[in-house]
Amino acid sequence: MGFRNIKIDSNVKLHIKNQQLFIDNGNEMSIPLEDINCILIENQTVTLSTYFLQKIADCGIALYVCDEKHLPNAVVLPMVKHSRHFKILKYQISVNKPLQKRLWQQVVVQKIRNQALCLKLLEKDESEELMRMSKEVQSGDRTHVEAKAAAFYFRALYGLGFSRGDDHIINSALNYGYAIVRGMIARSVVCYGLEPSIGMFHHSELNNYNLADDMIEPFRPLVDLYVSRHFDISEVESALTPETKRNLFGIINYDMSVRGEKRIISNCIDMLVASYSSALQGNRQELDLPELMELQVHSYE
């Protein structure tokens, strides 16, 4: 697995030769493809070739493209990276509803628990109420505890007047961070042979990444914690700067915990996706879900 996450925010030429990524801005530098985890292209004047796209897909590297507002709006993913794609697809299509609902219940419970941990790390008293709510989630979340918890959670984070629909730097930062994590999950879903449009809970015919939108839920509080620690709710007129976006992109270098062990978020994602694939095949009942911990950049020893 690669460990370098590259952000391109200037007018450069990108090309690949001898399994190396070359970045040419007048002074050419190279990076081994095997070291690269993902690439974010923010500048709309970057030059690259279809061969570049092909090699990036072959290596399973997630490639993000940003819109005119410099927000990630697309991710290039490899097609049928897994050797048994059709086998996994059949399991996805034929999964029974009770299993699907139990797996979604696990995701929602861990999301709410992580939201509670986020509030606890921020020293907010409402964390205990969220922990209580996490115990009320039923199979398939038929009583919509997730939605109730989310409303309570964001009020606790940012006050009664805050809305996720507001044009505000907090929402811009959250959306940026979520988009980065979502792309990482989509990449892993494809690499494990799963069809990203077939979700556990999300099932929109207009969404090609329903499964990624399911799996991102327990990871969202990591972004929430980072944004709460680095952005001020009072900065209504502020906008994301190149530096703040670079730091938000770095969220994928942070650790979470799975089964008591600290792991970089990309590894946590792979473990969740692999456990979901195994559950669909009848090999297990429990998902490997990430638990939020204090913000910590992963250390390669």
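A short tour of the structure in this document, coming up. (Residues numbered from 1 in each chain as written. Predicted model: local features only at pLDDT ≥ 70, side-chain atom pairs only at ≥ 80, totals over all residues. Heavy atoms only, no water.)

### Quick word on the packing of helix α3 (residues 97-121) against helix α5 (residues 145-158)
- Remark: α3 packs on α5, axes separated minimally by 11 Å, with the N-to-C direction vectors making an angle of 15 degrees. Of the possible angle classes, the one that applies to α3 and α5 is roughly parallel. At the point where α3 passes α5, the crossing takes the left-handed sense. Residues W104, V108, K111, I112, Q115, C118 and L119 of α3 touch α5, and the partners they reach there are V145, E146, A149, A150, Y153, A156 and L157. (Axes fitted to C-alpha atoms, helices over the stretch in contact; angles between N-to-C directions. Helix = DSSP H or I, 4+ residues; strand = E, 2+ residues; numbered from the N terminus. Parallel < 35°, antiparallel > 145°, perpendicular 65-115°, else oblique. Left-handed = near helix turned anticlockwise from the far one by under 90°. Contact = heavy atoms within 4.5 Å.)

### Remarks on the pattern of salt bridges
- Here the structure, examined in full by the defined rule, presents 16 salt bridges.
- Its salt-bridge partner being D9, residue R246 comes within 3.1 Å of it at the nearest N-O pair. Here R246, found in helix α9 (residues 242-249), pairs with D9, found in the loop between β1 (4-8) and β2 (13-17); they are 237 residues apart in sequence, far enough to count as distant.
- What makes R246 partly exposed here is its relative accessible area of 39%. (Salt bridge = Lys/Arg side-chain N within 4 Å of Asp/Glu carboxyl O. Buried < 20%, exposed > 50% of the residue type's maximum accessible area, 1.4 Å probe, protein only.)

### As for the side chain of K245
- As for its position among the elements, K245 is in helix α9.
- Apart from residues no more than four positions distant in its own chain, K245 is found in contact with K7, E42, H70, Y176 and L240.

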